[in-house]
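# Notes for the structure review
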Amino acid sequence: MARIVIAGAGLAGRLCAWALARTGHAVTVCDPSPDAQPRFDGTGAAAFTAAGMLSPLAEQEQGGAQVAAWGWRSLALWAGLVPALRPAEVPFQRDGSLLLAHRSDLGAAQRILALIPGARALEADALQTLEPALVPSLHGWLLPGEGRIGPVAAMQALVQAAPEVDWRWLCPVQSVSPGLARLTSGEQLRADWIIDTRGLGASPNLPVRGVRGEIVTLSLPGHGLQRPVRLLHPRHRVYLVPRTAQELAVGASEIESEDRSPVSLRSAVELMAAAHSLVPALAEARILRLDRHLRPALPDNLPMTHHEPGLLRLNGLYRHGWLLAPALVEQLLQTAGLAALHALADVPMEAPTPTSASASASTPMPSPTSPPAPLPSQHSPSTPSLQAP
Ligand SMILES: Cc1cc2nc3c(=O)[nH]c(=O)nc-3n(C[C@H](O)[C@H](O)[C@H](O)COP(=O)(O)OP(=O)(O)OC[C@H]3O[C@@H](n4cnc5c(N)ncnc54)[C@H](O)[C@@H]3O)c2cc1C
């Protein structure tokens with residue numbers, strides 16, 4: 001059994017804590033938040049604000065084939081982790097997602113689709129059968145195997161399922177070094193391992209920056225949307241993610257700014273107008289929440305894992321945290337010999353294969369789990385991008 005201190009109770013920190021506690025280690029987690037609950041005020045963990053899209057195919061467009069490989073591995077791990085978190089009910093679905101375009105925007109959509117060879121074009125009646133709530137005149141493409149998870153439920157479940165962890169709230173960590181976490185209070189915590197998962201809070205120790213994202217939560221009982229959909233539009237691209245039969249998330253802006261102030265009128269109008277153009281019944285939806293947060297991103301917009309004796313780091317999850325965290329946590333804890341996430345999730349282990357596309361990882365990356373559609377090659381950075389998760 002090792003003594004482990006984790007700095008940061010966001011997505012990466014909670015997943016590490018749960019896996020390590022289940023493996024029998026003595027785990028302390030320090031976080032500045034007052035408790036484990038979401039605030040929706042731009043503070044605490046970005047993970048609470050996320051839409052929870054699990055989109056390895058669509059995210060290739062920005063992250064490349066390696067992000068897709070981690071994404072497929074994470075999808076397989078989430079499928080085992082969600083049942084392991086019971087009795088908590090964590091929404092999780094792998095029924096695919098849809099790319100959509102209005103007829104007038106087909107040209108712009110085709111340029112993006114060229115980067116996503118796994119997308120399968122749908123006939124109009126097939127699209128209507130899959131998603132009757134959509135306006136009938138759309139073009140649609142299916143991204144098979146993609147999914148979604150309920151971020152708030154998953155974040156809460158990870159804490160509830162690890163009562164043996166010493167969760168320390170109102171406890172910011174000032175700096176970390178091998179075997180030592182210095183708290184802002186002046187207290188020093190010594191351990192066999194320190195794990196730094198502070199996200200944006202790791203700045204300036206890491207060159208991490210915040211990328212602002214804004215998202216709207218709507219309520220419309222019986223909205224009918226079954227799976228995540230993304231609109232391909234030259235200016236106003238948007239996604240809708242069903243959370244429950246009543247609730248949907250509409251997101252998200254992506255702004256190079258560390259401004260945590262409330263959602264702007266421009267973003268709110270653009271997101272909701274685009275969403276209404278896809279699902280006309282949303283005209284009667286009620287706005288439950290306008291939320292914003294900062295995605296923790298490294299200069300190359302790729303995640304990093306770091307491993308040295310006594311110190312592990314995971315950061316730079318940017319717009320893909322829910323998509324990538326299980327695969328990266330699996331690799332990080334396995335490399336340090338601390339835990340086997342796949343065993344806890346009852347998912348077969350993957351044979352590690354060398355890859356060249358990791359950002360700054362100091363350890364080998366997992367190989368891709370076979371996706372249901374072929375992975376494309378890297379793309380040109382000059383092409384239009386999908387709306388951000
Ligand atoms: C609008 C929006 C939509 C998104 N949608 C998606 C999506 O659909 N799919 C997807 O995969 N990803 C999505 N993301 C990205 C995802 O939320 C992030 O990648 C993920 O939350 C990063 O996880 P993390 O644990 O690294 O950081 P966080 O979740 O931000 O957690 C960091 C934690 O560190 C704590 N901390 C900060 N400073 C300190 C300190 N000094 N000491 C100790 N603890 C500290 C914080 O309080 C926080 O709890 C979205 C993000 C946004 C903003």
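Residues numbered from 1 in each chain as written. Predicted model: local features only at pLDDT ≥ 70, side-chain atom pairs only at ≥ 80, totals over all residues.

This part is about the site of the ligand. Near the ligand, the surroundings consist of 42 residues, among which G10, G199, G201, G213 and G321 are the closest. Put simply, the parts of the chain that give the shell around the ligand at least two residues each are α1 (11-23), β14 (209-219), β18 (286-297) and α7 (321-335). Considering only residue class, the shell around the ligand consists of 22 nonpolar, 16 polar and 4 charged. (Near = placed C-beta within 6 Å. Helix = DSSP H or I, 4+ residues; strand = E, 2+ residues; numbered from the N terminus. Nonpolar A, V, L, I, M, F, W, Y, C, P; charged D, E, K, R; others polar.)

The next subject is the packing of α1 against α7. Packing of α1 against α7 leaves a shortest axis separation of 10 Å and a crossing angle of 45°. Taken together, the axes of α1 and α7 lie oblique to each other. Regarding α1 and α7, the two cross each other, and that crossing is right-handed. From α1, L11, A12, L15, C16 and A19 reach across to α7, where they touch G321, W322, A325, P326, V329 and L333. Class assignment of the residues belonging to the contact of α1 with α7 gives a composition of 10 nonpolar, 1 polar and no charged. (Axes fitted to C-alpha atoms, helices over the stretch in contact; angles between N-to-C directions. Parallel < 35°, antiparallel > 145°, perpendicular 65-115°, else oblique. Left-handed = near helix turned anticlockwise from the far one by under 90°. Contact = placed C-beta atoms within 7 Å.)

For the rest of this paragraph, the subject is the nonpolar core. Within the largest apolar cluster, 120 residues are counted, with the highest numbers of intra-cluster contacts made by C16, L240, V250 and V329. If you tally residues by element for this core, the top one is helix α2 (residues 60-84), at 11 residues. Apart from the residues lying within four places of it in its own chain, the contact partners of V250 are I215, V216, L218, V238, L240, L271, M272 and A275. (Core = buried A, V, L, I, M, F, W, Y, C linked by C-beta atoms within 7 Å. Buried ≥ 20, exposed ≤ 12 C-beta atoms within 10 Å, placed from the backbone.)

Distances and angles like these do not, on their own, reveal function.
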